[in-house]
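Listed below are the residues making up each chain.
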Amino acid sequence: MRALVISGGGAKGAYAGGVAEYLIQDLGIHYDLFAGSSTGALLAPMLAADEITLAKEIYTNVKQKDIFSSHPFVIRKVNGIYKTRINHLGIIKMFIRGKKTFGESHALRRLIKKSFSEESFERVRQSRRKVVIAVSNFTCNVVEHKYLRDCTYDDYIDWIWISANFIPFMSLVTKNEQEYADGGFGNFIPIEEAIDAGAKEIDVILLTPRRKKVKKLPSRNAFTLLMDSLDFMLAQIARDEKYIGLLESMHHDIRIRYFHTPRVLTDNSLIFDPEQMRQWWEEGKAFAKKQVEETANI
């Protein structure tokens, strides 16, 4: 069984889309299983349904309003550099309404339902392909893996949305009387789940550089400090899960190939700029081609 695993990474999912386009369309690789967390959970079902063109259209045109129904921060672009600050008025309104997060992402759920149709869902379900996504159950303090074949269409739309909800900036969702959020908090790269499902050849798209040692500027405010803290936590989770995957592969005769980003793409993966994401998609495709060709020449 061959699997494609896609990590979390917000807007950086555009880069993952470019890598996937090269692997699936240009190289003609057939994957039996698609696994993802967060932005990877958004991509996995569309790739399994052979909707790469649609995925590209969405990832290269999406804007903030397509993700957030209540914006947690204000973004300004000055001389090509993004400046962000907390949307104080918006957050006050959220607290007055008794909400637990700084922002909400119901717009994202609408986009997911529009992008991944019931027809596509049934097509994947009737095929032999497996799709699995990770979600974090905060009530029980565990990670859960949701397989498309085990769910109804509306339930799976919920799980995809939940997996991509990066709290405290996006919605904390109550489902089945339990609170759920971004799958990346517990399983940033679901490699182990792919192995447990029987995959012997795994391509992993990891939306961080291979060697991420970047000296950041001092935090400007509480918002940037929180973003830096969450980024640090996810980077450590990704590193640990990568090593777990490597250890598993050594003991079970499994081949794992990693596709990293060549650099730090952004300091804030919740900024959705169509122009920037179009560049990332093409960069991902070109870099994957370069990596495959260089490996073949070794």
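Here's a quick rundown of the structure.

**Observations regarding the pattern of salt bridges**
- Evaluated as defined, the whole model comprises 20 salt bridges.
- Its salt-bridge partner being Glu-144, residue Lys-146 comes within 2.8 Å of it at the nearest N-O pair. Glu-144 matches Lys-146 in its accessibility class, with the two residues each being buried.
- Here Asp-150 and Arg-149 are joined by a salt bridge, their closest N and O atoms 3.9 Å apart.

**Brief notes about helix H7 (residues 153–163)**
- Among the 11 residues of H7, nine are classified as buried, and the element is accordingly described as predominantly covered.
- Every buried residue of H7 is accounted for by Tyr-153, Tyr-156, Ile-157, Asp-158, Trp-159, Ile-160, Trp-161, Ile-162 and Ser-163.

**Notes on helix H3 (residues 52–59)**
- When H3 is considered as a whole, its buried residues turn out to be Ile-52, Ala-55, Ile-58 and Tyr-59. Taken down its axis, H3 places every buried residue within 125 degrees of arc, on the same side. Relative to its buried face, H3 has exposed residues pointing more than 90 degrees away, namely Thr-53 and Glu-57.
- Taken together, the buried residues of H3 touch helix H1 (13–26), helix H2 (39–48), helix H5 (106–115) and helix H10 (274–296).

**As for unusual backbone geometry**
- Geometrically, the link from Ile-167 to Pro-168 is a cis peptide bond, its omega value of 10 degrees lying close to zero.
- If you trace the backbone, Pro-168 turns up in the loop between H7 and strand S7 (173–175).
- Phi is positive for Asn-141, which is not a glycine, with a value near 60 degrees.

**Focus on the packing of H1 against H2**
- Where H1 contacts H2, the axes come no closer than 10 Å and their chain directions differ by 30 degrees. Taken as axis vectors, H1 and H2 run roughly parallel relative to one another. In the crossing of H1 with H2, the sense of the turn from one axis to the other is right-handed. Contacts from Gly-13, Ala-16, Gly-17, Ala-20 and Ile-24 of H1 reach H2 at Thr-39, Leu-43 and Leu-47.
- Across the contact of H1 with H2, the residue classes break down as five nonpolar, three polar and no charged.

**Here's the deal with the packing of aromatic side chains**
- The full count for this structure, using the stated rule, is 12 aromatic pairs.
- Aromatic pair Phe-68 and Phe-73: ring centres 5.8 Å apart, planes at 75 degrees, arrangement edge-to-face. Neither residue differs from the other here; Phe-68 and Phe-73 are each classed as buried.
- Relative to Phe-121, the ring of Phe-116 has its centre 6.5 Å away and its plane inclined at 80 degrees; by these criteria the two rings are edge-to-face. Each member of the pair, Phe-116 as well as Phe-121, is classed as buried.

About the criteria used
Residues numbered from 1 in each chain as written. Predicted model: local features only at pLDDT ≥ 70, side-chain atom pairs only at ≥ 80, totals over all residues. Heavy atoms only, no water. Salt bridge = Lys/Arg side-chain N within 4 Å of Asp/Glu carboxyl O. Buried < 20%, exposed > 50% of the residue type's maximum accessible area, 1.4 Å probe, protein only. Helix = DSSP H or I, 4+ residues; strand = E, 2+ residues; numbered from the N terminus. Arc of directions from axis to C-beta. Contact = heavy atoms within 4.5 Å. Axes fitted to C-alpha atoms, helices over the stretch in contact; angles between N-to-C directions. Parallel < 35°, antiparallel > 145°, perpendicular 65-115°, else oblique. Left-handed = near helix turned anticlockwise from the far one by under 90°. Nonpolar A, V, L, I, M, F, W, Y, C, P; charged D, E, K, R; others polar. Phe/Tyr/Trp six-rings, centres within 6.5 Å; stacked < 30°, edge-to-face > 60°.

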